[in-house]
Amino acid sequence: MDSHTIPTDYSPAQDLLQDKVILITGAGDGIGRAAAESYAAHGATVVLLGRTVAKLEAVYDAIEAAGGAQPALFPMDLASATEADYANLAEAVAGTFGHLDGLLHNAGLLGERRPIASATWPAWAEVMQVNVNAQFLLSKALLPLLEQAPRASIVFTSSGVGRRGRAYWGAYAVSKFATEGLMQVLADELENTSRIRVNSLNPGATNTAMRRTAYPAETPTKNPSPAVIMPAYLYLMGDDSVGVTGQAVNAQS
Ligand SMILES: NC(=O)c1ccc[n+]([C@@H]2O[C@H](COP(=O)([O-])OP(=O)(O)OC[C@H]3O[C@@H](n4cnc5c(N)ncnc54)[C@H](OP(=O)(O)O)[C@@H]3O)[C@@H](O)[C@H]2O)c1
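Here is what the cut-offs are and how they apply
- Residues numbered from 1 in each chain as written.
- Predicted model: local features only at pLDDT ≥ 70, side-chain atom pairs only at ≥ 80, totals over all residues.
- Heavy atoms only, no water.
- Phe/Tyr/Trp six-rings, centres within 6.5 Å; stacked < 30°, edge-to-face > 60°.
- Lys NZ or Arg CZ within 6 Å of the ring centre and 35° of its normal.
- Salt bridge = Lys/Arg side-chain N within 4 Å of Asp/Glu carboxyl O.
- Buried < 20%, exposed > 50% of the residue type's maximum accessible area, 1.4 Å probe, protein only.
- Pairing = 2+ DSSP bridges.
- Helix = DSSP H or I, 4+ residues; strand = E, 2+ residues; numbered from the N terminus.
- Contact = heavy atoms within 4.5 Å.
- Axes fitted to C-alpha atoms, helices over the stretch in contact; angles between N-to-C directions.
- Near = heavy atom within 4 Å.
- Polar contact = N/O pair within 3.5 Å; in protein donor to acceptor, adjacent residues only side chain to side chain.
- Areas by Shrake-Rupley, 256 points an atom, 1.4 Å probe, with all protein chains shown as cover.

Concerning the packing of aromatic side chains
Tallying each qualifying case throughout the model produces three aromatic pairs. Site record: aromatic cluster; members linked through ring pairs are Trp169, Tyr172 and Tyr215. Positioned above the aromatic ring of tryptophan 169, the side-chain terminus of arginine 113 is 3.9 Å from the ring centre. Above the ring of tyrosine 215, the side-chain terminus of arginine 211 is found at 3.7 Å from the ring centroid.

Some points on the pattern of salt bridges
Using the criterion set out here, one finds seven salt bridges in the structure. Residues glutamate 218 and lysine 222 are paired through a salt bridge, measuring 3.2 Å at the closest nitrogen-oxygen approach. A residue is classified by how much of its surface remains accessible, and glutamate 218, at 17% relative accessible area, is buried. Residues participating in the shared-partner salt-bridge network are Lys20, Arg151 and Asp239.

Things to note about the sheet that holds strand S2 (residues 21-25)
Taken in spatial order, the eight strands line up as S1-S8-S7-S6-S5-S2-S3-S4 in an open sheet, and their pairing is parallel. Each edge of the open sheet is held by one strand with a lone partner, namely strand S1 (3-4) and strand S4 (72-75). Bridge count between strand S5 (residues 102-105) and strand S6 (residues 152-157): four bridges; the pairing is parallel. Among the inter-strand pairings, leucine 104 is bridged to a residue of S6, identified as valine 155. Sitting on the sheet, helix H3 (residues 83-97) touches S2, strand S3 (45-50) and S4, and the angle it makes with S4 is about 175°. In this fold helix H4 (residues 121-146) packs onto S2, S5, S6 and strand S7 (196-202), with an angle of close to 175° to the strand it touches most, S5.

Let's talk about the site of the ligand
Around the ligand lies a shell of 30 residues, among which Thr52, Lys55, Asn106, Tyr172 and Thr208 are the nearest. Between the ligand and leucine 78, the relevant distance is 2.9 Å, taken from a nitrogen atom to a main-chain nitrogen or oxygen of the residue. Between the ligand and the protein, one listed contact pairs an oxygen atom with a backbone N or O atom of threonine 206 at 2.9 Å. Coverage of the ligand by the protein chains reaches 93% of its 900 Å² of free accessible surface. Of all the elements in the fold, those that place two or more residues in the shell around the ligand are helix H1 (30-41), helix H5 (170-190) and helix H6 (209-214). Per element, the largest residue contribution to the shell around the ligand is three residues, and it comes from H6.

Encoded structure:
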């Protein structure tokens with residue numbers, strides 16, 4: 001797998017994302033919320049997609065209170081969304097903005113943590129739907145709008161267990177391997193024909209609800225807060241990473 005290291009002294013310009021329109025999935029909580037707020041603070045207009053309206057509204061309010069550009073809200077449950085829902089979303093983004101500069105696939109489900117031998121099909125299927133199939137459907141629906149941008153970036157969210165499998169991580173680990181595969185295939189398809197770069201980002205252990213669920217015995221504050229890992233999220237979304245594509249990137253060293 002090709003991997004890319006972000007310059008250790010990377011310091012994003014305050015206007016890095018000025019005039020860019022960026023859609024973030026799972027924008028209501030954890031890393032997605034931090035990315036939405038950070039992108040807005042660096043000049044972007046953000047499109048907030050998630051399944052819990054109250055959480056999206058809280059992020060919307062925080063961005064407006066901080067002086068960011070007015071966000072757009074798109075409540076959507078990625079476990080049940082249909083192709084028609086993705087088409088409606090693309091139409092709404094086209095109608096409001098006409099193009100899209102960035103797409104952060106961040107929403108994710110942890111699912112069951114148990115051996116493959118006792119994993120249940122409904123839980124397996126839901127994780128694959130949210131963590132993999134939704135990324136395919138959303139990417140496909142939004143590619144025409146990303147093609148309209150001068151330099152667009154798609155960032156997929158991976159995990160350590162998406163680069164090396166580990167016992168009991170089940171569908172989650174398999175979904176992250178599939179995410180890496182989708183990233184590589186799409187990057188290769190777009191490399192010579194398009195201005196869209198495509199990479200995957202492993203946030204590393206980060207203090208969010210998902211991490212606390214996965215490691216209940218761990219002291220949560222031992223891991224960085226989502227805000228701390230934002231330089232990598234900014235780097236991949238902003239023009240400083242133009243030319244970087246098909247790479248598996250780590251947000252933490
Ligand atoms: N935290 C870590 O240590 C870590 C490490 C490696 C990789 N990651 C990855 O980083 C990404 C963000 O994780 P996180 O730690 O920030 O987790 P989180 O706090 O649990 O946030 C996950 C987000 O995904 C949304 N989501 C889940 N299912 C959804 C669905 N069916 N439809 C729409 N949105 C849905 C959640 O919405 P609600 O809040 O409304 O439920 C939430 O906003 C995930 O892809 C995760 O796999 C995290």
